[in-house]
Every structure is written in C-alpha cells, then in structure tokens.
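Close look at the chain arrangement
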Amino acid sequence: QVQVVESGGGFVQAGGSLRLSCAASGGTLSNYAIGWFRQAPGKEREFVVFISRGCSTDATDSVKGRFTISIDKDKNTAYLQMNSLKTEDTAVYYCAAGYRGPTTLQGRYDYWGQGTQVTVYS
C-alpha cells in the first residue's frame with residue numbers, strides 16, 4: 001500500500017508563499033486521487049484541494065486563486081503551492097491518497113500522512 005509523507009511546512013509572513021510536498025512510497029501516486037486537507041487549532045479538519053487521476057482539480061472557495069495542487073509523476077510527489085497566505089491559513093496540512101474520488105470527503109481517502117504545520121503570522 002502507498003505511504004505518503006508531507007514536508008515543507010513552516011513559518012511565513014502573511015502575503016508570502018510556501019510549497020508543501022507529499023512524497024509517496026510503496027505505490028504510484030498518480031494511480032490515486034490526491035487531496036490536501038487542513039486542521040486549524042480548535043477546528044475540525046477540512047478539505048482544501050484535490051487532484052484526480054486525470055489531473056482535474058478543485059479547491060475550497062477560500063483558497064481558490066491562491067493555492068494550486070500539482071503532481072510530478074517522475075518524482076512520485078504531489079505539491080501544494082500556497083501563495084498570498086493569510087493568517088487564517090494557519091493549520092496542520094495533511095496529504096491523502098484514495099482509490100475513490102476525487103472527492104472533498106475525508107472518509108473516501110485511504111492513506112494519510114502525518115501532517116505538516118503551516119503558521120502564517122501578520
């Protein structure tokens with residue numbers, strides 16, 4: 001089964017950018033739908049963006065135009081490019097892979113990473 005590991009989180013000033021990575025092992029990432037989710041302090045985990053096996057994408061309204069998901073098949077890695085970051089983007093970001101989808105529903109993803117912290121300060 002595939003395993004995914006996130007990296008690239010950190011501290012960034014509002015208006016700045018970060019790129020998160022989701023590296024896969026034990027399987028081919030492009031065979032799955034890939035989703036990014038996030039959990040802010042005191043809140044439930046929420047959908048951010050997904051990419052399908054056919055490379056179609058969708059994102060939650062609050063990040064449209066700012067966040068972009070992509071996949072590098074040669075590196076077996078998915079990315080989340082985050083631009084124009086806001087303090088409300090502060091959260092732990094999770095990468096997930098699923099056979100079913102693409103979907104905004106967390107329960108339809110089969111494999112999850114441990115998360116990476118993103119902190120946006122003003």
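Quick look at the structure, then.

A word on the packing of aromatic side chains
What describes a pair of aromatic rings is the distance from one ring centre to the other and the angle between the planes of the rings. Per the counting criterion, the structure on display carries eight aromatic pairs. When the centroid spacing of 6.3 Å and the interplanar angle of 70° are considered together, the rings of Tyr-109 and Trp-112 count as edge-to-face. Feature note: the residues Phe-37, Phe-47, Phe-50, Tyr-109 and Trp-112 constitute an aromatic cluster, connected by ring pairs. The ring centre of Tyr-79 lies 4.1 Å from the NZ or CZ of Arg-19, which sits over that ring.

Brief notes about the sheet that holds strand S1 (residues 3-7)
If you trace the four strands from one edge of the open sheet to the other, you get S1-S3-S8-S7, paired in antiparallel fashion. Lying at the two open borders of the sheet, with one neighbouring strand each, are S1 and strand S7 (67-72). Strand-to-strand, the axes of this sheet are offset by a mean angle of 20°, without reference to chain direction. Bridge count between S1 and strand S3 (residues 18-25): five bridges; the pairing is antiparallel. Note that in S3 the partner of Val-4 across the bridge is Ala-24.

Brief notes about the side chain of Thr-77
Structurally, Thr-77 is set in strand S8 (residues 77-82). On the basis of relative accessibility, which here comes to 8%, the residue Thr-77 falls in the buried class. One polar contact links the side chain of Thr-77 to the main-chain carbonyl oxygen of Lys-75, over a distance of 2.8 Å. Excluding residues within four positions of it along the chain, Thr-77 makes contact with Ser-21, Cys-22, Ala-23, Leu-29, Ser-70, Ile-71 and Asp-72.

So, how was this worked out
- For every chain, the first residue of its written sequence is number 1, and the numbers climb from 1 along that sequence.
- The model is predicted, so local features are restricted to residues of pLDDT at least 70 and side-chain atom pairs to those at 80 or more, both for listing and for counting; the totals for chains, interfaces and linings are taken over all residues.
- Think of the side-chain values as coming from all heavy atoms in the structure, minus any hydrogens and water.
- To pair, rings of Phe, Tyr and Trp, with the six-membered ring standing in for Trp, must have centres within 6.5 Å; the planes then decide the type, stacked if under 30 degrees apart, edge-to-face if over 60, and tilted in the middle.
- Lysine and arginine charges are scored as sitting over a ring when NZ or CZ, respectively, is within 6 Å of the ring centre and within 35 degrees of the ring normal.
- Note on pairing: two strands pair once DSSP finds at least 2 bridges between them.
- Secondary structure follows DSSP: runs of H or I at least 4 residues long count as helices, runs of E at least 2 residues long count as strands, and numbering of each begins at the N terminus.
- An axis is simply a line fitted to the C-alpha atoms; with a helix, the fit covers only the stretch in contact. Between two such axes, the angle follows the N-to-C directions and lies from 0 to 180 degrees.
- Relative accessible area decides the class of each residue, using a 1.4 Å probe on protein chains only: under 20% of the type maximum gives buried, over 50% gives exposed, and in between gives partly exposed.
- Polar contacts here mean pairs of N or O atoms no more than 3.5 Å apart (in protein, one a potential hydrogen donor and the other a potential acceptor; neighbouring residues in sequence count only if both atoms are side-chain atoms).
- Working rule for contacts: check all heavy atoms of both residues, and any pair within 4.5 Å makes them a contact.

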